[in-house]
Amino acid sequence: MSTLRMAAVAAEFGRDLEEDFAIVERLIKEAGEQGVQLLALPEACLGGYLLSLDDDADLDAGPPPLALDGPEIARLAALAGGMTVVAGYCEADGDSRYNSVVCVTGDGVLGNHRKVHQPLSEDASYASGDQFHAFDTPVGRIGMMICYDKAFPESARALALDGAQIGVCVSAWPGARTSPAADLANDRWKRRFDLFDRARALENQMVWVSANQAGTFGSLRFVGSAKVVDPGGEILADTGVTAGIAVAELDVAQALETARRSMGHLRDRRPETYDLTTGLSTGAVKA
């Protein structure tokens, strides 16, 4: 048996890149001291998220745009060293800006994902990605997504069908915008965050590592709740609504084999029955 020690972070990040890198360095060091091999940092941890998701979001200059092959991502890789690190950033590609997440080790970039699904007014700041794919890393085959992506079952399913053993979702998931709970632990958007994490792991029978922003930024109050979930949908480690690192150890290959042995959700699919473009009743929504 070969176990993997993995961790998901809930932490607060802002616009100051130097301060963000100092936090990242501290978190990598702390995770390394606990023997972590795979570390997931939040969405937009390099440069901060948007100040709000309201219609005036375009008044926010937004996080600094970074090139995938630029010095900042190289700096992140150098900090990662022998650890596999996943982190969110604003990706610059020509005149376009993407809400992206990158996976690195000391050897460089292993994978990159541009957020496909954009909530509320986020599309005023970012272009949209157009694919989900898994890739190989020293800790196993990984698939990445960002925040609202996990609200769509197809996202995680596409990664699972591409062989992802571990789904890593990085987020800047806030509490409810209307009638917020005084205690974030009771917030309805926090419950949704947790439900999506557990459902995506269970329906695809994959390990799920979920990082999130914590604290506040602009008008947003983030729910934290970074966690590691096993292929049965059980939470192995969770930070709660405060900042912290959720660390769990698991034999990933064995866990997947056990979960899929009797009821293999990927194996038992019936794709021919899922065509939503035909046979719909009146009033149904077409794909």
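Note: the structure precedes this text.
The sections below set out a description of the structure shown in this document. (Residues numbered from 1 in each chain as written. Predicted model: local features only at pLDDT ≥ 70, side-chain atom pairs only at ≥ 80, totals over all residues. Heavy atoms only, no water.)

Some details on the state of the cysteines
- If you walk through the whole model with that rule in mind, you get zero disulfides.
- The thiol sulfur of Cys45 is not disulfide-bonded, and the nearest other cysteine sulfur, from Cys90, lies at 12 Å.
- We classify Cys45 as buried; its relative accessible area is 0%.
- Lacking any disulfide linkage, Cys169 is separated from the closest cysteine sulfur, that of Cys147, by 6.7 Å.
- Cys169 gets classed as buried once you look at its relative accessible area, which sits at 0%. (Disulfide = S-S within 2.5 Å. Buried < 20%, exposed > 50% of the residue type's maximum accessible area, 1.4 Å probe, protein only.)

Here we look at helix α4 (residues 188-204)
- Compared with the 24 Å implied by 1.5 Å per residue over 17 residues, the 24 Å span of α4 between its first and last C-alpha is a close match.
- Among all positions of α4, only Trp189, Lys190, Phe193, Asp194, Asp197, Arg200, Ala201 and Asn204 are buried. One face of α4 carries all of its buried residues, which in axial projection span an arc of 150°.
- The backbone nitrogen of Trp189 lies 2.8 Å from a side-chain oxygen of the residue at the head of α4, namely Asp187.
- One or two residues past the end of α4 sits Gln205, with phi positive at roughly 50°. (Helix = DSSP H or I, 4+ residues; strand = E, 2+ residues; numbered from the N terminus. Expected span 1.5 Å × (residues − 1). Arc of directions from axis to C-beta. Polar contact = N/O pair within 3.5 Å; in protein donor to acceptor, adjacent residues only side chain to side chain.)

Quick look at the nonpolar core
- Core analysis: the largest hydrophobic core is formed by 37 residues, its most contacted members being Met6, Leu38, Val86, Ile142, Ile166, Val168 and Val209.
- At four residues, the largest contribution of residues to this core is made by strand β1 (residues 4-11).
- Apart from the residues lying within four places of it in its own chain, the contact partners of Ile166 are Leu4, Leu38, Val139, Arg141, Ile142, Gly143, Met206, Val207, Val209 and Val252.
- Within the second largest apolar cluster, 29 residues are counted, among which are Ala7, Ile23, Leu41 and Val102. (Core = buried A, V, L, I, M, F, W, Y, C linked by side-chain atoms within 4.5 Å. Contact = heavy atoms within 4.5 Å.)

Considering the packing of helix α3 (residues 153-161) against α4
- It is at 10 Å that the axes of α3 and α4 come closest, and there the two elements cross at 40°. Relative to α4, α3 is oriented oblique. In the packing of α3 onto α4, the handedness of the crossing is right-handed. Here Pro153, Ala156, Arg157 and Ala160 of α3 come into contact with α4, specifically with Arg200, Glu203 and Asn204. (Axes fitted to C-alpha atoms, helices over the stretch in contact; angles between N-to-C directions. Parallel < 35°, antiparallel > 145°, perpendicular 65-115°, else oblique. Left-handed = near helix turned anticlockwise from the far one by under 90°.)

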